[in-house]
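Structural description and commentary
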Amino acid sequence: MRISETGSPGVLIGRSQSKNLKRYKPWIPLSHSKSMSTDPIINMNMAMPQVDGDYEFLKELLDDFLDDFKNRKEKILKNSKEAKASSMDNLRKDAHTVKGSALNLGLARFAKIAKALEDTSREAKEMSSVSSSTMSKVAKLVEELILSAKEVADEHQGILKKHEAQSC
């Protein structure tokens, strides 16, 4: 995990050129819907401008993103199984963090799922008692988020192989 200039953990910037990163303003709606399957797993048209076309830096950031998510996954799973306001708030914070990182890396599918998890856990936190249907929805979204992270890892490996083949 990298630490940003502000000292915030989980922010995936850290080299001197990070000042050149542009804050991604999502032009895509972040609603979780069936149409999300049409989004590319890694949208290189969104990702490359974020790193000024520096493929090696993008590769590094994707590796860091996947490592960070792997570290958060157990906490996300634990909090998603506890029907307590504090657990839902922790889940919301983690979902918010990975959503922002995903958007900066062009991971629109992943970000949409994280946004839905963030919204659902925020709503659950505000309930006096978390319903079983809400907990089921949270569990389903966590499952989708983990699956999406695996898709990102697989796609990242495919892009690496393609890039290495083109470099030879």
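Values in this document were obtained by computation on a predicted structure and should not be read as measured data.

Criteria and thresholds
- Residues numbered from 1 in each chain as written.
- Predicted model: local features only at pLDDT ≥ 70, side-chain atom pairs only at ≥ 80, totals over all residues.
- Heavy atoms only, no water.
- Helix = DSSP H or I, 4+ residues; strand = E, 2+ residues; numbered from the N terminus.
- Buried < 20%, exposed > 50% of the residue type's maximum accessible area, 1.4 Å probe, protein only.
- Contact = heavy atoms within 4.5 Å.
- Areas by Shrake-Rupley, 256 points an atom, 1.4 Å probe, with all protein chains shown as cover.
- Core = buried A, V, L, I, M, F, W, Y, C linked by side-chain atoms within 4.5 Å.
- Salt bridge = Lys/Arg side-chain N within 4 Å of Asp/Glu carboxyl O.
- pLDDT = per-residue confidence, 0-100.
- Phe/Tyr/Trp six-rings, centres within 6.5 Å; stacked < 30°, edge-to-face > 60°.
- Polar contact = N/O pair within 3.5 Å; in protein donor to acceptor, adjacent residues only side chain to side chain.
- Axes fitted to C-alpha atoms, helices over the stretch in contact; angles between N-to-C directions.
- Parallel < 35°, antiparallel > 145°, perpendicular 65-115°, else oblique.
- Left-handed = near helix turned anticlockwise from the far one by under 90°.
- Nonpolar A, V, L, I, M, F, W, Y, C, P; charged D, E, K, R; others polar.

A separate point is the overall build of the protein. The helix and strand tally for the protein stands at 5 helices and 0 strands. For the protein, the α and β elements follow one another from N to C terminus as α-α-α-α-α. Counting only residues that meet the buried cut, the protein has 45% of its 168 residues in that class. Taking as baseline every contact in the protein between residues at least 6 positions apart, the subset at least 24 positions apart corresponds to 69%. Counting only carbon and sulfur atoms, one obtains 53% of the accessible surface of the protein, whose full area is about 9100 Å².

As a further point, take the nonpolar core. Ranked by internal contacts, the top residues of the largest apolar core, which has 39 residues, are Leu107, Phe110, Leu117 and Leu145. Elements supplying a minimum of two residues to this core: α1 (44-50), α2 (55-80), α3 (85-104), α4 (108-126) and α5 (132-167). In this structure, Leu145 is in contact with Phe69, Ile76, Phe110, Ile113, Ala114 and Leu117, ignoring residues within four places of it in sequence.

As for its position among the elements, Leu141 is in helix α5. Counting along the chain gives 27 residues from Leu141 to Ala114, while the straight-line C-alpha distance between them is 7.9 Å.

It is worth spelling out the pattern of salt bridges at this point. Scanning the model with the defined rule gives 16 salt bridges in all. For Arg72, the salt bridge is made with Asp94, and the minimal N-O distance between the two is 2.6 Å. Taken as a pair, Arg72 in helix α2 and Asp94 in helix α3 lie far apart in primary sequence, 22 residues in all. The class for Arg72 is buried, based on a relative accessible area of 13%.

Bringing the confidence of the model for the protein into the picture now. Averaged over the protein, the pLDDT score is 82; the fraction of residues at 70 or greater is 77%. A low-confidence stretch, residues 1-29 stays under pLDDT 50, and its non-local contacts, those more than four residues away or across chains, total 56 contacts.

Now for the packing of aromatic side chains. Scanning all chains against the criterion turns up 2 aromatic pairs. Seen in terms of ring centroids, Phe65 and Phe110 are 5.2 Å apart; in terms of plane orientation they differ by 80 degrees. Their pairing is edge-to-face. With Phe65 in helix α2 and Phe110 in helix α4, the pair connects residues that are 45 residues apart, well separated along the chain. This pair shows no difference in class: Phe65 is buried, exactly as Phe110 is. Between Phe69 and Phe110 the ring centres are 5.4 Å apart and the planes differ by 85 degrees, which places this aromatic pair in the edge-to-face class. Pair noted here: Phe69 is in helix α2 and Phe110 is in helix α4, with a separation of 41 residues, a long-range link. Assessed through its relative accessible area of 4%, Phe69 is described here as buried.

Moving on, we get to the side chain of Asp39. Within the element layout of this structure, Asp39 appears in the segment before α1. Residue Asp39 is classed as buried on the basis of its relative accessible area of 12%. At 2.6 Å, the side chain of Asp39 and the side chain of Lys112 are in polar contact. Residues contacting Asp39, with those up to four places away along its chain left out, are Ala108, Arg109 and Lys112.

Attention now goes to the packing of α4 against α5. Relative orientation of the contacting elements α4 and α5 amounts to 160 degrees, with a least axis distance of 9 Å. Between α4 and α5, the interaxial angle falls into the category roughly antiparallel. The way α4 lies across α5 gives a crossing that is left-handed. In contact with Arg109, Phe110, Ile113, Ala114, Ala116, Leu117, Thr120 and Ala124 of α4, α5 contributes Thr134, Lys137, Val138, Leu141, Val142, Glu144, Leu145, Ser148, Ala149 and Glu151. Residue classes in the contact of α4 with α5 are distributed as 11 nonpolar, 3 polar and 4 charged.

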